[in-house]
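Chain by chain, the residues:
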Amino acid sequence: MAEARAALVARLARVLDLELAATQALADCLAAEATALAASPDTVAAVAATKLGEVHKLERLAAERSAVVVALDIGDARTATWDALIESIGEPLLVTRWQQLRTALMRCREANLRNGALVDQCRRQVRAALGILSGQTSGPQLYGADGTREAEARPRSLAKA
């Protein structure tokens, strides 16, 4: 029984290592995405596809981590916190790896939020430019007292040929 537990703990350590590596790859993708958003919009789609692949890899590894916890019979991964589950194993190396993974994932989350803000800013700029080109007012959208959007200016031609 002790050998089976040791094998499962070793498997969990490998999964955590793979998750750390995948998280680093995701962080690299996020950095490339930020660069592409700022300098080369043509490459954003390729970088986003790579990022999505890394996210899927992390999802698969998280599922494997859950399976190992179930096999170790130390608690329910659906109801207990991962901090508590990892600590209950009693392996300091696993606790350290888990903390590293959490820190790396938080950095990825922050980078993804920054990239999302860049995308939103670009989207707003494009919408404003399209509004100007189509003759719509580019002012802020206003709402009336009843909560409905006030009538926007109708598109008008800027010139006739």
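Residues numbered from 1 in each chain as written. Predicted model: local features only at pLDDT ≥ 70, side-chain atom pairs only at ≥ 80, totals over all residues. Heavy atoms only, no water.

Student: What am I meant to see in helix α2 (residues 44-72) here?
Tutor: Since the α-helix advances by 3.6 residues per turn, residues separated by three or four positions end up pointing in the same direction. Along its 29 residues, α2 runs 42 Å from first to last C-alpha, staying within 8% of the 42 Å computed at 1.5 Å per residue. Those residues of α2 that fall on the buried side of the exposure criterion are Val 44, Val 47, Lys 51, Glu 54, Leu 58, Leu 61, Arg 65, Val 68, Val 69 and Leu 72. Turning to α2, the residues buried within the fold contact α1 (2-39), α3 (82-89) and α4 (92-133). Positive backbone phi, at 55 degrees, marks Asp 73, one or two positions downstream of α2. (Helix = DSSP H or I, 4+ residues; strand = E, 2+ residues; numbered from the N terminus. Expected span 1.5 Å × (residues − 1). Buried < 20%, exposed > 50% of the residue type's maximum accessible area, 1.4 Å probe, protein only. Contact = heavy atoms within 4.5 Å.)

Student: Would you take a moment to explain the side chain of Asn 115 for this structure?
Tutor: Note that Asn 115 resides in helix α4. Take Asn 115: its relative accessible area is 3%, and that puts it in the buried class. Residues within four places of Asn 115 in sequence aside, it is in contact with Leu 30, Glu 33, Ala 34 and Leu 37.

Remember that the coordinates give geometry; whether it matters functionally is a separate question.
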